[in-house]
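Per-entry structural report
Here is what each chain is made of, one letter per residue.
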Amino acid sequence: MTPVQRLDTTSMRPVLDGVRVIELAGIGPAPFCGMMLADHGAEVIRIDRPGGSDPLAQDQGRDVLLRSRRSITLDLKQPEAVEIVSRLAETADGLIEGFRPGVAERLGLGPDILMQRNPALVYGRMTGWGQEGPLSDMAGHDLNYISLNGCLGALGSEGEPPPPPLNLIGDYGGGGMMLAFGFVAALLAARQSGRGRVIDCSMAEGSAALMAGMWSLAHNGMWDEGRGRNLLDGGAPFYACYACADGKFVAVGAIETQFYARLIDALGLTGDPVFAAQHDQSRWPAMKARLAEIFSSAPRAAWTDKLQLRDCCYTEVLTMAEAPTHAHNRARGSYLEADGRLQPHPAPRFGDTEVVVPTMWRRDSARSEILAEIGVADPDRVAVRQEP
């Protein structure tokens, strides 16, 4: 049974075709990792919990993060269910889990046990703080994990509290994406050596690694600890967002000299002495106030007509509802529908490679097939499947 639909073949199979991954149900970053792997052809078998695993009580059939999985519901408090997961791990290339440290061990599904049965298993562990350390057992969310590594403290306007940046930095960038990278790297090593690895993926450390560029700026004397004063944090008037007359917004990213010159020329400011020295930070507040005044004088569409083709690093700031309708996104097919649910296209893209067409999650979508594959003849045993 194939876990996903695929477009017509071009020349090569998806890059992770033939890779089998067991995902122990969780929320946030671990499912995002599972989505990334499934998006590129891995067979991901999600072990769901009776009653579901979403604390917000969402309809998981609408959860984009769960797309393209094979699903089976197991009560991991039952020994028979633990044995089924263990037998599945014997057939798999890897397993990912997002429990607090020690939980998988207490369930009898820790790496020491599973890697005895499958020495080449890649065992990916996702936590907020890491498997050890003073905070390792403490609860938290994205906002907490990015607060102790300089990420959160670098965001926002001077004199204002840092704004929560959705949960993109800790959960998905420093968490799920980092775990997906670690999984593929460990898989390459396992195929060369025959030995698996345990991945200790900490969202706090992963998001700290995303700050490497800011550390580079700091080492070069180009970073002020005050928020909203720097090149990339909204302090620079030529790297900022502005409100338009219709309440919509535009983004300007004219960092390089040539793009700055084109922007200033297009706005009729070439001879204005306030804009004569781009990197004179003493002039930045006046420059920013003037640009804010200019952009607020006309609706967003007027600025797009004026600036879009000037190649000056100008874009509209689109909402989620607007993004799929933009001409560039439509041309590339950057969004698609799966079972009637609009969502981002799998990324990145690989040339001359089949694209995995996402399908939405369904509970127990492959229960009988999965159990049959490991020789379990009675898929409806209560000890395996406990209804909520």
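Our structure's up above, just so we're on the same page.
Residues numbered from 1 in each chain as written. Predicted model: local features only at pLDDT ≥ 70, side-chain atom pairs only at ≥ 80, totals over all residues. Heavy atoms only, no water.

**Considering the pattern of salt bridges**
In the structure shown here, the tally under the stated rule is 25 salt bridges. Across the salt bridge formed by Arg191 and Asp93, the nearest N and O atoms sit 3.6 Å from each other. Note that Arg191 is positioned in helix H6 (residues 168-193) and Asp93 in the loop between helix H2 (79-90) and strand E5 (94-97), a separation of 98 residues in sequence. A relative accessible area of 54% means that Arg191 is categorised as exposed. The partner of Glu105 in a salt bridge is Arg125, with the nearest N and O atoms 2.9 Å apart. (Salt bridge = Lys/Arg side-chain N within 4 Å of Asp/Glu carboxyl O. Helix = DSSP H or I, 4+ residues; strand = E, 2+ residues; numbered from the N terminus. Buried < 20%, exposed > 50% of the residue type's maximum accessible area, 1.4 Å probe, protein only.)

**Quick notes on H6**
When the local axis directions of H6 are compared, the greatest deviation, roughly 30°, occurs at Met178. Gly194 lies just past H6 and shows a positive phi near 80°. (Bend = angle between axes of the 7 residues up to and from the residue.)

**Structural notes on helix H9 (residues 257-266)**
Of all the positions in H9, only Phe259, Tyr260, Leu263, Ile264 and Ala266 are classed as buried. In a view along the axis of H9, the buried residues occupy a sector of 165°, so they form one face of it. Residues of H9 that are buried sit in contact with strand E9 (249-253), helix H10 (284-295) and helix H11 (300-307). The positive-phi residue at the C-terminal boundary of H9 is Gly268, with phi of around 75°. (Arc of directions from axis to C-beta. Contact = heavy atoms within 4.5 Å.)

**A few points about the sheet that holds strand E6 (residues 122-127)**
Spatially, the 6 strands line up as an open sheet ordered E4-E3-E2-E5-E6-E7, and their pairing is parallel. Here the strands that pair on one side only, and so sit at the sheet edges, are strand E4 (70-73) and strand E7 (198-202). Each adjacent strand pair in this sheet contributes to an overall mean axis angle of 20°, direction not counted. In this structure, strand E2 (residues 20-24) lies alongside E5, joined through 3 bridges in parallel fashion. Residue pairing in the sheet places Glu23 in a bridge with Ile96 of E5. This element, H2, spans E2, strand E3 (43-48) and E5 of the sheet and lies at about 155° to E2. (Pairing = 2+ DSSP bridges. Axes fitted to C-alpha atoms, helices over the stretch in contact; angles between N-to-C directions.)

Fair warning: the whole summary comes from geometry, so function is off the table for now.
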